[in-house]
Amino acid sequence: MGLITGHACASDSKGKTDDYLTYKKPIVISTWKNGVQANATAWDIIGKGGRSLDAVENGVKVVENDPEDMSVGYGGRPDRDGHVTLDACIMDENGNCGSVCALEHIRHPISVARKVMEDTPHIMLAGAGALQFALEKGFPKENLLTEKARREWEKWLQTAQYKPIINIENHDTIGMLAIDTFGNMSGACTTSGMAYKLHGRVGDSPIIGAGMFCDNDVGGAVATGTGELVMRTLGSFLAVELLRNGASPKEVAEDVVNRIIKKTPDYKDHQIGFLVLSKSGDVGAYAIQPGFNYAIHSENGPELIDSGSFL
Ligand code: ASP
């Protein structure tokens, strides 16, 4: 089946959208257009009776592996000192979770996060310790800075002015949520973070509850955009708690974005997108700026949807 694209937003007034989508389970959803390929891999695993945890891990690995996606994994843009530092987290249907942050030289941080979850008594490993753990687990040490990313970084160094560029590839991230044929939900989130960030900066993406959260009884949420704003509200956790209280995914995504906007005087200079999936298969999204899109894979095949937005 071909790719269906559409607008899930019929904005009738500022801050209002009609993006309310409901699907039969199983289902895979993820942020941004590269989610289409990632979802296809995840869907394949679910179709063979696999676990949603395997689906989200292997789904986001597709984007980690793609040097053309310069905000995730291999080929990601470096920090201001030229280091590619990666953040990722993963969570299963039992509430188990694992995460790595500021990890260098490992192409698939999501798989290291899963190992942290499954093979250690901890949830998060950082920096040199995360690298040491990954190497001990047999992950190969690689140079993740591609020629293309290095050239762009060298050009940036000429002025060295950091400014988030809305929707334009200096930040992205893939966040994915999946419900398998057993009705179980898992989530994953992986990124190289803000391009040209300070060395050591960690964003929302590896923080359980900020960049991603799922609760098998209720649903899940993933975030993308300026991580600092998502961290202040622990946005994904907040979204799931609002779902628990009976709001729809669409209402929840709007609510969280509106809360961030209210506390952020310069919100017009930032993009934030939330994507929310309820346990029953309802999907909703919302962003500050137009331009945020997300991919869905269900029995209807692949779809790419434009999110509604505040502006
Ligand atoms: N949220 C990511 C971060 O702040 C980047 C993004 O999704 O745009 O690291």
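Residues numbered from 1 in each chain as written. Predicted model: local features only at pLDDT ≥ 70, side-chain atom pairs only at ≥ 80, totals over all residues. Heavy atoms only, no water.

Trainee: Would you mind going over the overall build of the protein chain in detail, with residue names and values included?
Mentor: Along its length, the protein chain carries 8 helices and 14 strands. Across its three principal axes, the protein chain shows a C-alpha extent of roughly 45 × 45 × 35 Å. Relative to its full complement of 311 residues, the protein chain shows a buried share of 61%. For the protein chain, the proportion of contacts with a sequence separation of at least 24, taken over those separated by at least 6, is 66%. Of the accessible surface of the protein chain, which amounts to about 12,100 Å², a share of 51% is contributed by carbon and sulfur atoms. (Helix = DSSP H or I, 4+ residues; strand = E, 2+ residues; numbered from the N terminus. Buried < 20%, exposed > 50% of the residue type's maximum accessible area, 1.4 Å probe, protein only. Contact = heavy atoms within 4.5 Å. Areas by Shrake-Rupley, 256 points an atom, 1.4 Å probe, with all protein chains shown as cover.)

Trainee: Can you break down the packing of aromatic side chains residue by residue, with the values?
Mentor: Counted under the stated rule, the structure contains 5 aromatic pairs. Consider the rings of Trp156 and Tyr196, whose centres lie 4.6 Å apart with planes at 20°: the pair is stacked. Within this pair, whereas Trp156 is found in helix α5 (residues 147-159), its partner Tyr196 is found in the loop between β8 (185-191) and β9 (212-215), the two being separated by 40 residues in sequence. Classification of Trp156 by relative accessible area gives buried; the value is 11%. Ring centres of Tyr267 and Phe310 lie 5.8 Å apart, and the angle between their planes is 85°; this geometry places the pair in the edge-to-face category. With Tyr267 in the loop between α8 (249-262) and β11 (272-278) and Phe310 in the segment after β14 (301-306), the pair connects residues that are 43 residues apart, well separated along the chain. Taken individually, Tyr267 and Phe310 each receive the classification buried, so the pair is uniform in this respect. Three or more aromatic residues link up through ring pairs in this structure, and these residues are Trp32, Phe292 and Tyr294. (Phe/Tyr/Trp six-rings, centres within 6.5 Å; stacked < 30°, edge-to-face > 60°.)

Trainee: Let's hear about empty space enclosed by the protein: which residues, and what values?
Mentor: Applying the stated criterion to the full structure yields 2 cavities of 30 Å³ or more. Around the largest cavity, the lining is made up of 15 residues, and of these Thr173, Thr191, Gly193, Asp204 and Gly225 lie nearest the centre. In the lining of the largest cavity, the residues fall into 2 nonpolar, 9 polar and 4 charged. Its volume calculated, the second largest cavity comes out at about 40 Å³. (1 Å grid on protein atoms, 1.4 Å probe; cavity = no way out; pocket = protein on both sides within 12 Å on 5 of 7 lines; lining within 4 Å. Points joined across faces, edges and corners; volume = space filled by probe spheres on them. Nonpolar A, V, L, I, M, F, W, Y, C, P; charged D, E, K, R; others polar.)

Trainee: Explain the sheet that holds strand β2 (residues 21-22) to me, using residue names and the numbers behind them.
Mentor: In space, the 5 strands of this open sheet follow the order β2-β12-β11-β10-β9, with antiparallel pairing throughout. Each end of this open sheet is capped by a strand with a single partner; those strands are β2 and β9. Across 4 bridges, the pairing between β9 and strand β10 (residues 219-225) is antiparallel. Pairing of Phe213 across the sheet is with Ala221, part of β10. Across the face of the sheet, helix α7 (residues 235-244) comes into contact with β9, β10 and β11 while running at roughly 145° to β10. (Pairing = 2+ DSSP bridges. Axes fitted to C-alpha atoms, helices over the stretch in contact; angles between N-to-C directions.)

Trainee: Report on unusual backbone geometry, specifying residues and quantitative values.
Mentor: Cis geometry is adopted by the peptide bond preceding Pro26, which originates at Lys25 and carries an omega value of 0°. Residue position: Pro26 is located in the loop between β2 and β3 (27-31). Even without a glycine there, the phi angle at Trp32 is positive, about 65°. Taking relative accessible area as the criterion, Trp32 reaches 9% and is therefore assigned buried. In this structure, Ala102 is a non-glycine residue whose phi angle is positive, near 50°.

Trainee: Please set out the packing of helix α1 (residues 35-47) against helix α2 (residues 52-64) residue by residue, giving values where relevant.
Mentor: Between α1 and α2, whose axes approach to 7 Å, the crossing angle comes to 150°. Relative to α2, the element α1 is oriented roughly antiparallel. Remark: the crossing between α1 and α2 carries right-handed chirality. Contacts between α1 and α2 involve Gln37, Ala38, Thr41, Ala42, Ile45 and Ile46 from the former and Asp54, Ala55, Asn58, Gly59, Val62 and Val63 from the latter. (Parallel < 35°, antiparallel > 145°, perpendicular 65-115°, else oblique. Left-handed = near helix turned anticlockwise from the far one by under 90°.)

Trainee: Tell me about α1, and name the residues and values.
Mentor: Helix length check: α1 (13 residues) gives 17 Å between terminal C-alpha atoms against 18 Å at 1.5 Å per residue, within 8%. Within the sequence span of α1, burial applies to Gly35, Val36, Ala38, Asn39, Ala42 and Ile46. Angularly, the buried residues of α1 cover 150° about the axis, an arc narrow enough to put them on a single face. Along α1, exposed side chains directed more than 90 degrees from the buried face belong to Gln37 and Gly47. Those residues of α1 that are buried lie in contact with β3, α2, β7 (174-179), β13 (293-298) and β14. Immediately downstream of α1, the backbone of Gly49 shows phi near 85°, a positive value. (Expected span 1.5 Å × (residues − 1). Arc of directions from axis to C-beta.)

Trainee: Explain the pattern of salt bridges to me, using residue names and the numbers behind them.
Mentor: A full pass over the atoms with the stated rule returns 17 salt bridges. Here Arg150 and Glu147 are joined by a salt bridge, their closest N and O atoms 2.5 Å apart. One end of the pair, Arg150, and the other, Glu147, are both in helix α5, 3 residues apart, so they sit about a helical turn from each other. Of the residues examined, Glu147 reaches a relative accessible area of 43% and is grouped as partly exposed. Among the ionic contacts, a cluster of salt bridges with common partners joins Asp54, Glu57, Arg114 and Glu118. (Salt bridge = Lys/Arg side-chain N within 4 Å of Asp/Glu carboxyl O.)

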